Amino acid sequence: MRRLLDMVFCERCALCGEPVEYGRASPFCRICQVKWESEKFQLRSFDGELAAFDFPSVDSGRPPMRVICTVAYDPTNHDTAASGLIFKLKHNATRRVIDFTADELVSLLVSALPDIRDGQDKSELIVTYVPRRRESIGQYGYDHMKLCAQAVAKRIKLRCIELLKRRGSSSEQKQLGRRDRIENATTSIYINKNYNCNGKTIILLDDIVTTGASLNACTELLYGSGARLVITAALAVTRRKL
């Protein structure tokens, strides 16, 4: 029966392309799952501390933005598990890929904020995300970080609210340098006036952080709208930041 289910509901490993057995939670085969765990471990410090990276704030009067991350990502190396997962997430995300990414982000958040799952008042906590470019949504049919943020919020019993939006047309961040990335993000992303984040703690999620421009622009918008605290987390950090 399991062999029949594997044939009918076959999904390919995000890295090597081999079939992943039916019912498996990971988008990786068992061999590539080991690779994923190894890549995550490499980003941790020797004492097991979470990987956190500081990025200069757009607002010179504000301390650097600290982003917690799960894994390192090298955009020039397509043989890593991180590269395979991010490609699937952006271009052909299945429910399994979304759920796996959400589980990894929840694990990251719970490690950084132990009380977030059960121990604290959640009425003032909101999950949101860096919105995808409209051109990419039109091309691929979905906003991957919206789906991930909704799945994260469901797991930790929080509200997921679209606090940020993008204007109609914007350049791809990966094609720009840091200064141009900041300008592009600042001009293309705006606050959603339909929601009030005054006094709230915001968990802001993104897929990859390189220069921190998008997260920085979003963070400043949220603080400017009255957020008490913005906690930033990303699935991956590019190796150029390491």
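Our structure's up above, just so we're on the same page.
First things first, this report covers the structure right here in the doc. (Residues numbered from 1 in each chain as written. Predicted model: local features only at pLDDT ≥ 70, side-chain atom pairs only at ≥ 80, totals over all residues. Heavy atoms only, no water.)

1. Some points on the packing of aromatic side chains
Enumeration over the complete set of coordinates arrives at three aromatic pairs. On the numbers, 5.8 Å between centres and 25 degrees between planes, the contact of phenylalanine 28 with tryptophan 36 is stacked. The pair formed by phenylalanine 28 and tryptophan 36 is uniform in burial state, with each residue classed as buried. Centre to centre, the rings of phenylalanine 28 and phenylalanine 100 are 5.8 Å apart; their planes meet at 85 degrees, and the pair counts as edge-to-face. Note that phenylalanine 28 is positioned in the loop between β2 (19-20) and α2 (30-43) and phenylalanine 100 in helix α4 (residues 95-112), a separation of 72 residues in sequence. By the burial criterion, phenylalanine 28 is buried, and phenylalanine 100 matches it. (Phe/Tyr/Trp six-rings, centres within 6.5 Å; stacked < 30°, edge-to-face > 60°. Buried < 20%, exposed > 50% of the residue type's maximum accessible area, 1.4 Å probe, protein only. Helix = DSSP H or I, 4+ residues; strand = E, 2+ residues; numbered from the N terminus.)

2. Concerning α4
With 18 residues, α4 should cover 26 Å at 1.5 Å per step; its first-to-last C-alpha distance of 26 Å lies within 8% of that length. Taken together, the buried positions of α4 are occupied by Arg96, Val97, Ile98, Phe100, Thr101, Ala102, Glu104, Leu105, Val106, Leu108 and Leu109. (Expected span 1.5 Å × (residues − 1).)

3. What about the pattern of salt bridges?
Two side chains with opposite charge may pair up if their charged atoms get near one another. Scanning all chains against the criterion turns up 12 salt bridges. Among the salt bridges present, the one from arginine 155 reaches aspartate 99, with a minimum N-O distance of 3.4 Å. Highlighted residues: arginine 155 in helix α6 (residues 144-155) and aspartate 99 in helix α4, separated in sequence by 56 residues. The closest approach of N and O atoms between glutamate 162 and lysine 165, which form a salt bridge, is 3.3 Å. Take lysine 165: its relative accessible area is 26%, and that puts it in the partly exposed class. A network of salt bridges, in which partner residues are shared, links Arg95, Asp99, Asp103 and Arg155. (Salt bridge = Lys/Arg side-chain N within 4 Å of Asp/Glu carboxyl O.)

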